Amino acid sequence: MHLGTLGTGNHFIEICLDKEDRVWVMLHSGSRGVGNKIGRHFIELAKKDMAHQLATLPDANLAYLREGSTHFDDYVDAVSWAQDFALTNRR
């Protein structure tokens, strides 16, 4: 974990100029790579679940977690945790 840093992944600080010539500082600090790990984990679970539930899924990348399933609920909990972590990092 990289709490309090830009960490790993797609994290950046950008100076922006809007149409009215106002300067903005944009910080994308995310959840420090853990969000990506959460996503990859649940994508694999969705692919496995869909392989058992829908034998005719045309592309494994179309797999999803069914709302109300244990994996769906676990995913929502994990993403909520990642959002809390990112918010804490920004503070």
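**Things to note about the packing of aromatic side chains**
Working step 1: For the structure shown, the criterion picks out two aromatic pairs.
Working step 2: Residues phenylalanine 42 and tyrosine 75 carry aromatic rings whose centres are separated by 5.4 Å and whose planes lie at 70° to one another, so their mutual orientation is edge-to-face. Residue phenylalanine 42 is found in helix 1 (residues 34-53), and its partner tyrosine 75 is found in helix 2 (residues 70-90); the two are separated by 33 residues along the sequence.
Working step 3: A residue is classified by how much of its surface remains accessible, and tyrosine 75, at 33% relative accessible area, is partly exposed.
Working step 4: Here the aromatic rings of tryptophan 81 and phenylalanine 85 are separated by 5.3 Å at their centres, their planes lie at 20°, and the arrangement is stacked. Of the two residues, tryptophan 81 and phenylalanine 85 both sit in helix 2, four residues apart, roughly one turn of that helix.
Working step 5: Owing to a relative accessible area of 13%, phenylalanine 85 belongs among the buried residues under this scheme.

**Brief notes about a negative patch on the surface**
Working step 1: A contiguous patch of negative charge, built from Glu67, Asp73, Asp74 and Asp77, is present on the exposed surface.
Working step 2: Structurally, aspartate 77 is set in helix 2.

**Topic: the pairing of strand 1 (residues 12-17)**
Each regular strand carries side chains that alternate between the two faces of the sheet.
Working step 1: Taken across its six residues, strand 1 has zero buried, putting it largely on the surface.
Working step 2: Here strand 1 pairs with strand 2 (residues 23-28) via six bridges, running antiparallel. Each bridged residue has a counterpart across the sheet, and for phenylalanine 12 the counterpart in strand 2 is histidine 28.
Working step 3: From the end of strand 1 to the start of strand 2, which pair antiparallel, there are five residues, and aspartate 21 there has a positive phi angle of about 60°.

Analysis parameters
Residues numbered from 1 in each chain as written. Predicted model: local features only at pLDDT ≥ 70, side-chain atom pairs only at ≥ 80, totals over all residues. Heavy atoms only, no water. Phe/Tyr/Trp six-rings, centres within 6.5 Å; stacked < 30°, edge-to-face > 60°. Helix = DSSP H or I, 4+ residues; strand = E, 2+ residues; numbered from the N terminus. Buried < 20%, exposed > 50% of the residue type's maximum accessible area, 1.4 Å probe, protein only. Patch = residues over 30% accessible without salt bridge, like charges linked within 9 Å, V, L, I, M, F, W, Y side chains within 5 Å. Areas by Shrake-Rupley, 256 points an atom, 1.4 Å probe, with all protein chains shown as cover. Salt bridge = Lys/Arg side-chain N within 4 Å of Asp/Glu carboxyl O. Lys, Arg positive; Asp, Glu negative; His and termini not counted. Charge placed at Lys NZ, Arg CZ, Asp CG, Glu CD. Pairing = 2+ DSSP bridges.

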